[in-house]
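# Breakdown of the fold
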Amino acid sequence: MTQTDTLSPSDIAQTQSGAEILLRALKEQEVEVIFGYPGGAVLPIYDAIFQQNAIRHILVRHEQAAVHAAEGYARSTGKVGVVLVTSGPGATNAVTGLVDALMDSIPVVCLTGQVPTHLIGNDAFQEADTTGITRPATKHNYLVKKSADLARVVHEAFYVARSGRPGPVVIDLPKDILINPAPYTAKPAAAHRSYRPQTAPDGAQIAKAISLLKNAKRPVIYSGGGVINSGPQASDALVRFAKLTGIPVTSTLMGLGAYPSNDSQFLGMLGMHGTYEANLVMHGSDVMLNMGARFDDRVTGRLNAFAPNSRKIHVDIDPSSINKNVAVEVPVIADAGLALEAMIEAWHADPATQNTAALAEWWAQIEAWRAVNCLKFRQTTEKGGIIKPQHAIQRLYELTREHEAKTGKPTFISTEVGQHQMWAAQYFRFDKPNRWMTSGGLGTMGYGLPAAMGVQIAHPDALCIDIAGEASILMNIQEMATLAQYRLPVKVFILNNQYMGMVRQWQELLHGSRYSESYSEALPDFVRLADAFHGVGMRATSIDELDDVIRAMLAEPRAVIADICVDQTENCFPMIPSGAAHNEMILGPEHGTGLNKGNAAGLTDEGLVLV
Amino acid sequence: MSNLQDTAIRSATISVLVENESGVLARVIGLFSGRGYNIDSLTVAPVETDRARSRINVVTSGTPMVIEQIKAQLDRLVPVHRVADLTQDGPHIAREMALIKVVAQAGHARTEALRLADAFRARVVDATTESFVFEMTGQTDKLDAFVDLMRPLGLAEVSRTGVAAIARGTRVI
């Protein structure tokens, strides 16, 4: 729509093919890596990639993994992840990854091939209505129908992917557009004509928020992925604000790492498998500051019993997150980092004195809740004793800390989805943002291995560990071949209980222990599987083997699959059953309760229909 | 802002100014179906001389919290320029046009149809010895009332445009 639709001969003389123009635009957007898989419709792009060195292409083994790898790359660097797949099945395979990135607000640009414009709609070979299919799977998508639009669309896609609440953007590229000459347009300096998200907070709203917080008797900061997405300076501002105010901090799954988890003001993760203290603080709070989280159902539990006596402040860059699930008193539409800086300033500017006596009383109560030690578990130390999955994560955490101190190499953790993911969130403690990649919103099994791969590409010298379950890991196990090809030393740490553990736990709790299809018969031999993929396999079957296996894994310069055989019947606690409130949490067997139907508090038929 | 805790369903006429690009209507409709919102009426047409922008008028219903959510969701679509809740923002005019075909041979039905059309300010735009097509513009409920009256007189077919709406006075979207 900009410029001319037809090119004059002089234009063509100065222009390159669409594919070359595409790469030129990617370079201007400072793209360094593309995760992709070739096919007929994108051959011109692959030909252009072949003839340059500025952008590196990583050949994955499945298009879904390309998107997860780009997500891992994006989340660990703060940059936009880039994906390149072919038309038809290439695009449809990428859809799961796109929805994952949409739900977790990860900036990704996905280039999809398309049949030539004159064949669109003809059911051509490998044709799919990619923009139609991905419309609800992306933040925005484009079909480039004119060569003149190509460069502009690429620049716009990057702007949309990274601005406001980040998300995935698809650019569908018909083959003739890639072959035909196209003009180049530079990155526009002017603002986008319609998409201009607000990032600076409204001063009056900030003042209202500060006034509420200063007078609060039982305040809490509920921090989320928005703080991570805002960049490391936002995490830094969060710490400064918490230290300034003395307010306890809890975090969502997505927000872990924004606040150092070993700090005394940190309560741990909240929500369905959050800590006792975090959930009771939320429930009992009188003023809640939601910083970049979205009142997800995994966090709130039963909505009509969610923090019933609290006055709520909600800072979010996405206005549609405000008042979606929970009505709030003080909405602030802003970037989390900018909002936190403004709040620090406003705290100093507000003449009111903080109710420190009430806050001290609140902390005394919190310490009492904390003393319950809700994450307590009993690990036998006998030789040959069975490994508790929680202990495996805890030792992994402790030994990686040692490793980090010794080598100076940072540790990045990704996970698959299920019990192991929740245990990782509970027992692995993060001190820095961008070190934790997990599929929170969509809950995509198979996320962790390709995500770790993307992180390792971005941070070649770092220690990248995928904490996995034996069921999840099989969903993208083919990426072991990518690890081998690029010599990526990713460590896969499998908590192997031979069950889809979270499914088994719910069946035990809600379906009379009828373990329908949740047992994995005929699992592969993971040690030999690692070997087959040119990696190193290791196994620990008893407690006395665990530390040695972890140490060997950390010392190994190649990719590793560590098969940690853990207690098959262990359940993930604390747990708020679906449809229950924060104060109706079930604690583990160490607390004299557990998963028997009689004391599953708040378990109702209504809850049964929830997921 | 109306009380978000209110559980009563209200009707809202929302106008959306969008970039006139391919797929924009699908985006809006997909948003409504994907999130389970109602569409009672929907119209769309280019409204600027260079046809660069279109206006979508959508009549929807829901609790105040849902209506607020619909507006926020519409507003964050990339090609959306502006969203206005005409029902909430002040007085506005909402009009719909209908073409209504009545098939009637009996003299009584024909004269009654014409008499009622006159009372409702409907115009006869086509007539045969066996039929009339009426053209009528007005608010949705007026059109509904006329259509109901035509039913016993030989109502055969109705074609309606859906609602176009605009604020009264100097206020613009």
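The paragraphs below set out a description of the structure included in this document. None of these values were measured; they are calculated from a predicted model. (Residues numbered from 1 in each chain as written. Chains lettered and ligands numbered in written order. Predicted model: local features only at pLDDT ≥ 70, side-chain atom pairs only at ≥ 80, totals over all residues. Heavy atoms only, no water.)

This paragraph deals with the interface of chain A and chain B. Across the contact, 21 residues belong to chain A and 18 residues belong to chain B. For the pair chain A and chain B, the summed buried surface comes to about 1700 Å²; carbon and sulfur atoms form 54% of the total. In this assembly, chain A and chain B are joined by three salt bridges. With its nearest N and O atoms 2.8 Å apart, the salt bridge here joins A:Arg193 to B:Glu19. Summed over the shared surface of chain A and chain B, the number is seven residue pairs in polar contact (both at pLDDT 80 or more). Tallied by class, the residues present in the side of chain A that touches chain B amount to seven nonpolar, seven polar and seven charged. (Contact = heavy atoms within 4.5 Å. Buried area = accessible area lost by both parts, 1.4 Å probe. Salt bridge = Lys/Arg side-chain N within 4 Å of Asp/Glu carboxyl O. Polar contact = N/O pair within 3.5 Å; in protein donor to acceptor, adjacent residues only side chain to side chain. Nonpolar A, V, L, I, M, F, W, Y, C, P; charged D, E, K, R; others polar.)

Our next topic: the nonpolar core. Residues and elements named next belong to chain A. Core analysis: the biggest nonpolar cluster contains 83 residues, and Phe241, Phe493 and Ile564 have the highest contact counts within it. Of all the elements, helix H14 (residues 336-349) adds the most residues to this core, at seven residues. Setting aside chain neighbours within four positions, we find Phe241 in contact with Ile210, Leu213, Ile221, Leu289, Leu340, Met343, Ile344 and Trp347. Listed in part, the 47 residues of the second largest apolar core include Ala69, Ala70, Ala74 and Val492. (Core = buried A, V, L, I, M, F, W, Y, C linked by side-chain atoms within 4.5 Å. Buried < 20%, exposed > 50% of the residue type's maximum accessible area, 1.4 Å probe, protein only. Helix = DSSP H or I, 4+ residues; strand = E, 2+ residues; numbered from the N terminus.)

What follows covers the sheet that holds strand S4 (residues 80-85) of chain B. Residues and elements named next belong to chain B. Here four strands make up an open sheet; going across it, the order is S2-S3-S1-S4 and the pairing antiparallel. Looking at strand neighbours, the two that pair on one side only are strand S2 (41-46) and S4, the edges of this open sheet. In this sheet, neighbouring strand axes are inclined to one another by 15 degrees on average, regardless of whether the strands run parallel or antiparallel. One ladder, built from 10 bridges, connects strand S1 (residues 10-19) with strand S3 (residues 53-62); its direction is antiparallel. Across the sheet, residue Ile14 finds its bridge partner in S3, namely Val58. Docked against the sheet, helix H1 (residues 24-34) engages S1, S2 and S3, running at close to 10 degrees with respect to S3. Most of the contacts of helix H2 (residues 64-75) go to S4, to which it runs at about 160 degrees, and overall it touches S1, S3 and S4. (Pairing = 2+ DSSP bridges. Axes fitted to C-alpha atoms, helices over the stretch in contact; angles between N-to-C directions.)

Let's shift gears to the pattern of salt bridges. Residues and elements named next belong to chain A. For the structure on display, the rule yields 36 salt bridges over all chains. Here Asp296 ties to Arg294 by a salt bridge, and the two come within 3.5 Å at their closest N and O atoms. You can call Arg294 partly exposed: its relative accessible area is 22%. Here Asp431 makes a salt bridge to Arg401, at a shortest N to O gap of 2.6 Å. Taken together, the positions of Asp431 in the loop between helix H17 (419-427) and strand S16 (436-437) and Arg401 in helix H16 (residues 389-407) put the pair 30 residues apart, joining distant regions of the chain. For Arg401, a relative accessible area of 39% gives the class partly exposed.

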